[in-house]
Amino acid sequence: MIRWSDRIATGVPKIDVQHKVLIRNFNLLEERINSRTLTYDNLKELLLFLLKYAEWHFGREEECAAEHRCYIAELNRRQHEWYISRFTELYEEFKAVEDWTEERLYEWAATVHKELSEWLLKHVVRTDRHIGVCLGKLKREEVPPPEEKLS
Ligand SMILES: [Fe+2]
């Protein structure tokens, strides 16, 4: 469960609101896994929403970073591109399986939730928060240095 805190805030209201939507939906996925209420259909719907919303949100964030000539604009763009391609690959993998057993579905969902939500959290903390620095919402020394790694 990802809890919202100042440690993950960029200080830019429109970006933080969009990050909260992503976090809320990753938490919902985790909740469904833990409460054994996951189904093929609700997992498919949630994955598709998360993928489409991430795509839309990344576009808005990239516009904002470019507009302010932020030093992490290019790195941010490349990391987004990596994430969308990895997420798409996982989504295709999900759709390609025809004989999901309950056990396999829960296992797969837990692994994918972990990978995708951990990436998002790290990306927000190490990259997106620098947008807050560029917009004068955070001090550079409050934010860990950006990491060049994409994955
Ligand atoms: Fe980002």
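Cut-off values and rules
Residues numbered from 1 in each chain as written. Predicted model: local features only at pLDDT ≥ 70, side-chain atom pairs only at ≥ 80, totals over all residues. Core = buried A, V, L, I, M, F, W, Y, C linked by C-beta atoms within 7 Å. Buried ≥ 20, exposed ≤ 12 C-beta atoms within 10 Å, placed from the backbone. Helix = DSSP H or I, 4+ residues; strand = E, 2+ residues; numbered from the N terminus. Contact = placed C-beta atoms within 7 Å. Expected span 1.5 Å × (residues − 1). Axes fitted to C-alpha atoms, helices over the stretch in contact; angles between N-to-C directions. Parallel < 35°, antiparallel > 145°, perpendicular 65-115°, else oblique. Nonpolar A, V, L, I, M, F, W, Y, C, P; charged D, E, K, R; others polar. Arc of directions from axis to C-beta.

**Remarks on the nonpolar core**
Consideration 1: Leu22, Phe26, Leu29, Leu43, Leu47, Leu50, Ala54, Tyr83, Ala109, Leu116, Leu120 and Val124 form the largest nonpolar core, which has twelve residues in total.
Consideration 2: Listing elements by their share of this core, those giving two or more residues are helix 1 (13–34), helix 2 (40–67) and helix 4 (102–134).
Consideration 3: The residues contacting Tyr83, other than those within four sequence positions of it, are Ala54 and Trp119.
Consideration 4: Of all hydrophobic cores here, the second largest spans seven residues; its members include Val12, Ala65, Ile131 and Cys134.

**A closer look at helix 3 (residues 73–96)**
Consideration 1: If you check helix 3, its first and last C-alpha atoms are 35 Å apart, about what 24 residues at 1.5 Å a residue would give, namely 34 Å.
Consideration 2: Inspection of helix 3 places Ala73, Asn76, Gln79, His80 and Tyr83 among the buried residues, and these make up the whole buried set.

**As for the packing of helix 3 against helix 4**
Consideration 1: It is at 12 Å that the axes of helix 3 and helix 4 come closest, and there the two elements cross at 175°. On the basis of their axis angle, the class for helix 3 and helix 4 is roughly antiparallel. Residues Leu75, Asn76, Gln79, Tyr83, Phe87 and Leu90 of helix 3 form the contact with helix 4, whose participating residues are Val112, Leu116, Trp119, His123 and Thr127.
Consideration 2: Taken together, the residues that form the contact of helix 3 with helix 4 break down as seven nonpolar, four polar and no charged.

**Some remarks on the packing of helix 2 against helix 3**
Consideration 1: One way to put it is that helix 2 packs onto helix 3 with a least axis distance of 10 Å and a crossing angle of 170°. In terms of their interaxial angle, helix 2 and helix 3 are classed as roughly antiparallel. Here helix 2 contributes Leu47, Leu51, Ala54, Glu55, Phe58, Glu61, Glu62, Ala65 and Ala66 to the contact with helix 3, which in turn contributes Ala73, Asn76, Arg77, His80, Tyr83, Ile84, Phe87, Thr88, Tyr91 and Phe94.
Consideration 2: Residue classes in the contact of helix 2 with helix 3 are distributed as twelve nonpolar, three polar and four charged.

**Remarks on helix 1**
Consideration 1: The end-to-end C-alpha distance of helix 1, which contains 22 residues, comes to 31 Å, matching closely the 32 Å that a straight helix rising 1.5 Å per residue would cover.
Consideration 2: Of all the residues in helix 1, the buried ones are Ile15, His19, Leu22, Phe26 and Leu29. The buried residues of helix 1 occupy an angular sector of 75° when projected down its axis, which confines them to one face. Summarising the geometry of helix 1, the exposed residues directed more than 90 degrees from the buried face are Pro13, Lys14, Val17, Arg24, Glu31 and Asn34.
Consideration 3: On the buried face of helix 1, the contacting elements are helix 2 and helix 4.
Consideration 4: Positive backbone phi, approximately 55°, marks Arg36, located one or two places after helix 1.

**Some words on the environment of Gln79**
Consideration 1: Looking at the element boundaries, Gln79 is found in helix 3.
Consideration 2: The class for Gln79 is buried, based on 24 C-beta atoms found within 10 Å.
Consideration 3: Placed 69 residues apart in sequence, Gln79 and Glu148 show a C-alpha to C-alpha distance of 8.7 Å.
Consideration 4: In this view, Gln79 contacts His123, Thr127 and Leu150; residues no more than four positions away in its chain are not counted.

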